[in-house]
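Each chain, letter by letter, is given below.
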Amino acid sequence: MTRRHRRPARLTPRARRALLGTAMVAVLAPVAGVALASAIGDVNECRETVTVHVAAAPEIAPVLRQHAATWAAEARPTDGTCVTAEVTTVESAQTAAAFAAAAGADVDLADTPAAPGDLPDVWVPESLTWPARLAGEGVSPFDARMDPVAAGPLGLAVPEGRWELAAEGMALGDTTVALQDPRIDAASLALLMTARSAGASPRYDAGGAVPMSAAGVAAHNTAETGTPLRLVSPSPAMPLFEYPYVTTADRSPMVHRGVDIFRSSLLTDSFAALLPAFGLRLAGPYPSMPDPAEIQAAIDDWHGRG
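Residues numbered from 1 in each chain as written. Predicted model: local features only at pLDDT ≥ 70, side-chain atom pairs only at ≥ 80, totals over all residues. Heavy atoms only, no water.

K.L.:
Where do I start with the overall build of the protein in this structure?
P.N.:
From N to C terminus, the protein includes nine helices and nine strands. Split into buried and exposed, the 306 residues of the protein put 41% on the buried side. If you take every contact in the protein between residues at least 6 apart in sequence, the share linking residues at least 24 apart comes to 83%. For the protein, the accessible surface area stands at approximately 16800 Å², while carbon and sulfur atoms represent 55% of it. (Helix = DSSP H or I, 4+ residues; strand = E, 2+ residues; numbered from the N terminus. Buried < 20%, exposed > 50% of the residue type's maximum accessible area, 1.4 Å probe, protein only. Contact = heavy atoms within 4.5 Å. Areas by Shrake-Rupley, 256 points an atom, 1.4 Å probe, with all protein chains shown as cover.)

As structure tokens, then:
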């Protein structure tokens, strides 16, 4: 008996397409995996590195430096850019003097020497009165955006042993104040501007309470280098220090990108969690720029006292 051999079953066009698709997936999957891994690698690797130079007032510099160190160690690159922030403690009057000197402007800063070295990419002074004063003298190399990175109350610092003489909400006009030079001391300038606005006339004497910020008092007490201080708020209350993030406009695109990336890091919960230990708190609503004319009027009042 002769056996018939069956022909192999023919695949339908639809089955052939399905089989071809499966084969293509098998061939292309490793390639796609390599491409995906390459893309992830690009995101997580530094294609460029930028160092942002930050000049910060003494009372905000320590928290910025602590944050910058932790953040640089833990942060992933942003679009392939790795950023480090180098925070230098500089008195705001010195940084202001450096910007004034670079612009060839004569700003009365009580002969304060300019901070040495190049101008910083970022300046974080205590108060917006610093860039406002420079702008009033035609010195304005800064970007318009000056976000506050923290806030801190101002008041009158009273040494231990005299705390019973200082009460929260004491009338500013009935207070004896040890005023510092308002041309270089932002807290004393704030007190003068507050008194001028309220029509108050404090008594000025070297033995009085000292205008200071909560951050300044916290740093003094932590250092344990002198008599402990207590901060009290007079009435009317003095304004907050805003600690603005002041950036210079004349920078390369790469530095500008680094400046923006570091600014964004200061909006994180991890930075906010550090602030209370330094006498600081989260920044409030965006503050308005002080009027240079009002600043100068307060300084002129101080000159008139002498």
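And the narrative resumes.
K.L.:
It is not clear to me how the state of the cysteines should be interpreted in this structure. Could you clarify?
P.N.:
Cysteine pairs can be linked by a disulfide, which is a covalent bond between their two sulfur atoms. Within the structure shown, the criterion is met by one disulfide. Disulfide partner of cysteine 46: cysteine 82, at an S-S distance of 1.7 Å. On the S-S bond that ties cysteine 46 to cysteine 82, the torsion sits near -75 degrees, and the link is left-handed. Placement of cysteine 46 in the loop between helix 1 (13-44) and strand 1 (48-56) and of cysteine 82 in strand 2 (residues 81-89) is noted, with a sequence separation of 36 residues between them. Residue cysteine 82 is classed as buried on the basis of its relative accessible area of 15%. (Disulfide = S-S within 2.5 Å.)

K.L.:
Help me understand the packing of helix 5 (residues 186-198) against helix 9 (residues 292-305) in this model?
P.N.:
Helix-helix packing is characterised by the crossing angle of the two axes and by the distance between the axes. Interaxial distance between helix 5 and helix 9 falls to 9 Å at its minimum, and their mutual angle equals 95 degrees. Classed by the angle they form, the pair helix 5 and helix 9 counts as roughly perpendicular. For the pair formed by helix 5 and helix 9, the contact residues are Leu189, Leu192, Met193 and Arg196 on the first element and Glu294, Ile295, Ala297, Ala298, Ile299, Asp301 and Trp302 on the second. Across the contact of helix 5 with helix 9, the residue classes break down as eight nonpolar, no polar and three charged. (Axes fitted to C-alpha atoms, helices over the stretch in contact; angles between N-to-C directions. Parallel < 35°, antiparallel > 145°, perpendicular 65-115°, else oblique. Nonpolar A, V, L, I, M, F, W, Y, C, P; charged D, E, K, R; others polar.)

K.L.:
Sorry, what's going on with unusual backbone geometry here?
P.N.:
Note on backbone geometry: most residues besides glycine have negative phi, and most peptide bonds are trans. Cis geometry marks the peptide bond from serine 235 to proline 236, where omega comes out at 0 degrees. Structurally, proline 236 is set in the loop between strand 8 (229-232) and strand 9 (246-247). In this model, aspartate 111 sits at a positive phi of 60 degrees, which is unusual for a non-glycine residue. For aspartate 111, the location among the structural elements is in the loop between helix 3 (92-103) and strand 3 (122-124). For aspartate 111, a relative accessible area of 79% puts it in the exposed group. Phi is positive for tyrosine 243, close to 50 degrees, though the residue is something other than glycine. Within the secondary structure layout, tyrosine 243 lies in the loop between strand 8 and strand 9. On the accessibility criterion, tyrosine 243 (0% relative accessible area) is buried.

K.L.:
Just checking my understanding: could you explain the sheet that holds strand 2 for this structure?
P.N.:
Whether parallel or antiparallel, the strands of a sheet pair through hydrogen bonds between backbone atoms. One open sheet holds the four strands; their spatial order is 2-1-3-9, and the pairing between them is mixed. Lying at the two open borders of the sheet, with one neighbouring strand each, are strand 2 and strand 9. The pairing of strand 1 with strand 2 spans nine bridges and is parallel. The residue of strand 2 that forms the bridge with threonine 51 is threonine 84. (Pairing = 2+ DSSP bridges.)

K.L.:
Just to check I follow, could you spell out the confidence of the model for the protein for this structure?
P.N.:
Parts of the model with low pLDDT should not have their predicted coordinates read in detail. With 85% of its residues at a pLDDT of at least 70, the protein reaches an overall mean of 85. Across the protein, the secondary-structure element scoring lowest on mean pLDDT is helix 1, at 43, and the one scoring highest is strand 3, at 98. Here residues 1-9 scores under 50 on pLDDT; set against residues more than four positions off or in separate chains, the count is zero contacts. For the stretch residues 18-42, pLDDT sits under 50, and the model shows three contacts to residues farther than four places along the chain or on other chains. (pLDDT = per-residue confidence, 0-100.)

K.L.:
Whenever I open this one, the environment of alanine 249 confuses me. Can you help?
P.N.:
Within the fold, alanine 249 resides in the loop between strand 9 and helix 7 (253-265). The partly exposed category is assigned to alanine 249, whose relative accessible area is 38%. In this structure the C-alpha to C-alpha distance between alanine 249 and aspartate 143, which are 106 residues apart in sequence, comes to 5.1 Å. Not counting the four nearest positions on each side in its chain, alanine 249 is found in contact with Pro141, Phe142, Asp143 and His256.

K.L.:
Looking at this model, I keep getting lost on the environment of glutamate 137. Mind explaining?
P.N.:
Looking at where glutamate 137 falls in the secondary structure, it is placed in the loop between helix 4 (129-136) and strand 4 (154-159). Measuring from C-alpha to C-alpha, the distance between glutamate 137 and alanine 105 comes to 7.1 Å, with 32 residues separating the pair along the chain. Ignoring anything within four residues of it in the chain, the contact list for glutamate 137 reads Ala105, Asp106 and Val107.

K.L.:
Explain the packing of aromatic side chains to me, please; I cannot follow it from the model alone.
P.N.:
Within this structure, the stated rule accounts for six aromatic pairs. Here phenylalanine 99 and tryptophan 123 contribute two aromatic rings whose centre-to-centre distance is 5.6 Å and whose plane-to-plane angle is 35 degrees, an arrangement assigned as tilted. Pair noted here: phenylalanine 99 is in helix 3 and tryptophan 123 is in strand 3, with a separation of 24 residues, a long-range link. Aromatic side chains phenylalanine 99 and phenylalanine 142 sit 4.9 Å apart centroid to centroid with 75 degrees between the ring planes, which places their arrangement in the edge-to-face category. With phenylalanine 99 in helix 3 and phenylalanine 142 in the loop between helix 4 and strand 4, this pair connects stretches of sequence that are 43 residues apart. A residue is classified by how much of its surface remains accessible, and phenylalanine 142, at 9% relative accessible area, is buried. Taken together, the ring pairs in this structure connect Trp71, Tyr245 and Phe262 into an aromatic cluster. (Phe/Tyr/Trp six-rings, centres within 6.5 Å; stacked < 30°, edge-to-face > 60°.)

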